[in-house]
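Commentary on secondary and tertiary structure
Each chain, written out:
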Amino acid sequence: MDISKLLEEFDDLYMVCDPAEAKVLELYPPMEGVQLPCDILSIFSIKRFNLDINHVKKIENFLKNSLPSDCMNIQGPKGWYGLELKNVGPQKQLLHFFNLENSMAKMNKLIAQSQLDPLTNALQKTAIESYVDSVIKDKPDKQATMFMMDVDYFKNINDNYGHLFGDNVIVAVANALKGLCGASGKVGRIGGDEFILFVEHDLDRLGMKNIARLIRYVLDNLEIEGKPFSCTATIGISQYPKDGKTFQELYTACDKALYRGKEKGRDCHIIYDPQVHLGATATLENAENADEVYVQQVLPEKMEYNLEAIKNFSFFEDIKTMFATVAAVIR
């Protein structure tokens, strides 16, 4: 009995069997040319499974001694298989034979897809929250940095160009952020035009500013529908563990800094300072730290950006790879 074509098309094989006769009575999905009834063990002996005689004997022993509802795993030369058995009536059993690794891969893929924002393939808010908290749990002694940004006046983009164009802008922004981040962290979309970039690096103040500058640079050099497009963003920045020890604490700190950036005219990045950002409408500011905390218009809108100069910033170990990615993103 040749069911290799069947197994190429389907991951799961169901057999209704007569345990007393050790015969397969029904086969799902059905296949033309399969002669029923047939020996149960003949199915497990075909070459596609690459199971040797010891594996087949193990299956035979399982079938003889299994409980009314039982299961087993079999490790063959090409991976793991699962075999489930259930009594479904007098002298009838249902056998479910499947490629366990394929099933796990499919399940993991479904889980991963459920964590992604369907428009941008960035992480959804709950997924980025889980990711940040897991990084903190696994690496409690390491520092990390959260960047939270809003695209400035995004409603105007929708109103002036249409919502489809606006969606394309959101996708381009997400791709630009993922290009910047690379393997050093993750990007999450937490709202319509709101994003989080979480970087698993110990960044000093200059490093945080440089990443914010790069974010603003790539947003100024997007390509939408084959044409250059420029937008700006307001960015709030916080650090683990200085500003918070959970996603929610870091998020709150970023939100306060971002709010102050909006109050100061947008198109800027602000590093959270608890002495300054006591609340969303805090007024505790002083001349001594104003230039340090409120980094506004660091790269003026009409300034020609010198990418070669920016390349000299050293805040990632893999800086050359990152800039090659950035260059590809903004072309």
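Before reading on, note that the structure itself is shown above.
Values in this document were obtained by computation on a predicted structure and should not be read as measured data.

**Some details on the pattern of salt bridges**
The full count for this structure, using the stated rule, is 9 salt bridges. The partner of Glu-200 in a salt bridge is Lys-139, with the nearest N and O atoms 2.9 Å apart. One end of the pair, Glu-200, is in the loop between strand E9 (194-199) and helix H8 (205-219); the other, Lys-139, is in the loop between helix H5 (125-138) and strand E7 (144-151), with 61 residues separating them in the sequence. Salt-bridge contacts for Asp-267 lead to Arg-216; the nearest nitrogen and oxygen are separated by 3.1 Å.

**Considerations on the packing of helix H7 (residues 163-181) against H8**
Two elements in contact, H7 and H8, have axes whose closest approach is 10 Å; the angle formed by their N-to-C orientations is 140 degrees. In terms of their interaxial angle, H7 and H8 are classed as oblique. Viewed along their axes, H7 and H8 form a crossing whose handedness is right-handed. On H8, the residues touching Val-173, Ala-176, Leu-177 and Leu-180 of H7 are Leu-214, Ile-215, Val-218 and Leu-219. In the contact of H7 with H8, the residues fall into 8 nonpolar, no polar and no charged.

**A word on the packing of aromatic side chains**
Aromatic ring pairs: the centre-centre distance and the angle between the two ring planes describe each pair. With the rule as written, the count across this model stands at 6 aromatic pairs. Measuring from ring centre to ring centre gives 4.8 Å for Tyr-161 and Phe-165, while their planes differ by 25 degrees; the resulting arrangement is stacked. A centroid spacing of 5.3 Å and a plane angle of 70 degrees characterise the contact between Phe-165 and Phe-229, whose relative ring orientation is edge-to-face. Here Phe-229 lies in strand E11 (residues 227-229) and Phe-165 lies in helix H7, a separation of 64 residues in the sequence. The two residues Phe-165 and Phe-229 agree in class, both being buried. Grouping aromatic residues by their ring pairs yields a cluster made of Tyr-161, Phe-165 and Phe-229. One residue, Arg-266, lies across the ring of Tyr-153, its end atom 4.6 Å from the ring centre.

About the thresholds
Residues numbered from 1 in each chain as written. Predicted model: local features only at pLDDT ≥ 70, side-chain atom pairs only at ≥ 80, totals over all residues. Heavy atoms only, no water. Salt bridge = Lys/Arg side-chain N within 4 Å of Asp/Glu carboxyl O. Helix = DSSP H or I, 4+ residues; strand = E, 2+ residues; numbered from the N terminus. Axes fitted to C-alpha atoms, helices over the stretch in contact; angles between N-to-C directions. Parallel < 35°, antiparallel > 145°, perpendicular 65-115°, else oblique. Left-handed = near helix turned anticlockwise from the far one by under 90°. Contact = heavy atoms within 4.5 Å. Nonpolar A, V, L, I, M, F, W, Y, C, P; charged D, E, K, R; others polar. Phe/Tyr/Trp six-rings, centres within 6.5 Å; stacked < 30°, edge-to-face > 60°. Buried < 20%, exposed > 50% of the residue type's maximum accessible area, 1.4 Å probe, protein only. Lys NZ or Arg CZ within 6 Å of the ring centre and 35° of its normal.

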